[in-house]
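# Examination of the molecular architecture
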Amino acid sequence: MWRRVSSLTQFVSPTKSSSILNQPASTSKIWESFTTQKPNLEKGGTSFKDRIPFITFVLGGPGSGKGTQCEKIVETFGFKHLSAGDLLRQEIASKSEYGSMILNTIKDGRIVPSEVTIKLIQKEMESSDNKKFLIDGFPRCEENRVAFEQIIGAEPDIVLFFDCPVEEMVKRVLNRNQGRVDDNMDTIKKRLKVFEALNLPVVNYYAEKGKLHKICALGTEDEIFEQVWPVFAACKRVIQ
Ligand SMILES: Nc1ncnc2c1ncn2[C@@H]1O[C@H](COP(=O)(O)OP(=O)(O)O)[C@@H](O)[C@H]1O
Ligand SMILES: O=c1ccn([C@@H]2O[C@H](COP(=O)(O)OP(=O)(O)O)[C@@H](O)[C@H]2O)c(=O)[nH]1
Ligand SMILES: [Mg+2]
């Protein structure tokens, strides 16, 4: 039986009052742009909701191997991979209205306001022909989770959690070599604090709902995928 995930090791000092854990309030401007564009879920016909999407949330700390395993899941089971972090980085690159806010938030290891991230995920879901989605790196906090349910009107069918020792996550992130603004020791420490304080409660929420599949994220990529494969192979809606 799944046990609750307790706190991380000594790597993360328990400074829960730290300002990085204070979530940015939704600015009225951002909120306005979302409330004027209501989700396209109630329309009849061929909206993605009519196609009953199969949603998997892929959770785990920074460097735990979420993106790497998502690639293998896509190859084997034909999912559409939506990395929340990649969608946010694309927003920065496209110099969109929220680009500089997103960049500063990522540099600081904090969480981008839910409505911004969910809008990007929603757009990808609605424009995809695929109905099987891997949502990688989201939700990162309870507020993200609740907002997704409210805006998208769906819950995940499966939640994968890549459980990785902190020392291994730090090593992998520092060696990732993708030129990311947040792959440095200072930001990693902040991200680990955010992961423990805000993301682990989401993991525990899904454990209690019986939706969580905990994967030991140590070992080779293939060894880890050996634990992932049976989770999807057992789902009729995935393999049909
Ligand atoms: N099982 C593994 N063993 C060693 N390194 C790995 C493993 N899986 C992924 N990596 C490497 O670790 C880094 C972080 O992996 P990534 O998939 O980007 O993690 P995440 O999306 O959880 O941050 C990448 O450089 C990746 O190549
Ligand atoms: O739903 C999300 C996903 C990502 N991020 C931000 O984007 C960064 C990088 O996320 P990503 O998932 O790419 O990092 P990974 O865990 O894969 O290293 C995070 O630290 C957050 O600052 C966010 O705010 N909301
Ligand atoms: Mg990733």
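Everything that follows concerns the structure shown earlier in this document.
The sections below set out a description of the structure shown in this document.

Scoring rules and cut-offs
- Residues numbered from 1 in each chain as written.
- Chains lettered and ligands numbered in written order.
- Predicted model: local features only at pLDDT ≥ 70, side-chain atom pairs only at ≥ 80, totals over all residues.
- Heavy atoms only, no water.
- Core = buried A, V, L, I, M, F, W, Y, C linked by side-chain atoms within 4.5 Å.
- Buried < 20%, exposed > 50% of the residue type's maximum accessible area, 1.4 Å probe, protein only.
- Helix = DSSP H or I, 4+ residues; strand = E, 2+ residues; numbered from the N terminus.
- Contact = heavy atoms within 4.5 Å.
- Salt bridge = Lys/Arg side-chain N within 4 Å of Asp/Glu carboxyl O.
- Arc of directions from axis to C-beta.
- Near = heavy atom within 4 Å.
- Polar contact = N/O pair within 3.5 Å; in protein donor to acceptor, adjacent residues only side chain to side chain.
- Areas by Shrake-Rupley, 256 points an atom, 1.4 Å probe, with all protein chains shown as cover.
- Nonpolar A, V, L, I, M, F, W, Y, C, P; charged D, E, K, R; others polar.

Attention now goes to the nonpolar core. Membership of the largest hydrophobic core comes to 59 residues, with the highest contact counts inside it found for I73, I135, F148, L160 and F232. With eight residues, the top contributor of residues to this core is helix α8 (residues 185-208). The contacts of L160, once residues within four sequence positions are left out, are T56, F57, V58, L59, I73, H213, I215, V228, V231 and F232.

Below, the discussion takes up the pattern of salt bridges. Per the stated rule, a full pass over the model turns up 18 salt bridges. Residue R145 pairs with E142 through a salt bridge whose shortest N-O separation is 2.9 Å. Of this pair, R145 and E142 are both found in helix α6 (residues 142-152), three residues apart, which corresponds to roughly one turn of the helix. Of the residues examined, E142 reaches a relative accessible area of 29% and is grouped as partly exposed. Across the salt bridge formed by D183 and R191, the nearest N and O atoms sit 3.4 Å from each other. Take R191: its relative accessible area is 10%, and that puts it in the buried class. Each of the salt bridges in this network shares a partner with another, and the network as a whole consists of R176, R180, D182, D183 and R191.

Attention shifts here to helix α3 (residues 84-93). Taken residue by residue, α3 has A84, G85, L87, L88 and E91 as its buried positions. Looking straight down α3, one finds that the buried residues subtend no more than 165° of arc, so they occupy a single side. Two residues or fewer past α3, K95 is found with a positive phi of approximately 55°.

Time to look at helix α4 (residues 99-107). Three or more residues of α4 are buried, namely G99, I102, T105 and I106. On an axial view of α4, the arc spanned by its buried residues comes to 130°, and they lie on one face. In this structure, the buried residues of α4 make contact with α3, α5 (114-127) and α8. At the C-terminal side of α4, G109 shows a positive phi close to 70°.

What follows covers the site of ligand 2. Around ligand 2 sit 19 residues, and of these K66, R89, R110, V112 and R191 come closest. R140 is positioned with one of its side-chain polar atoms (N or O) 3.0 Å from an oxygen atom of ligand 2. For ligand 2, whose unbound accessible area comes to 530 Å², protein coverage reaches 96%. In terms of residue count, α3 provides more of the shell around ligand 2 than any other element does, four residues in total. When grouped by side-chain class, the residues that make up the shell around ligand 2 number seven nonpolar, four polar and eight charged.

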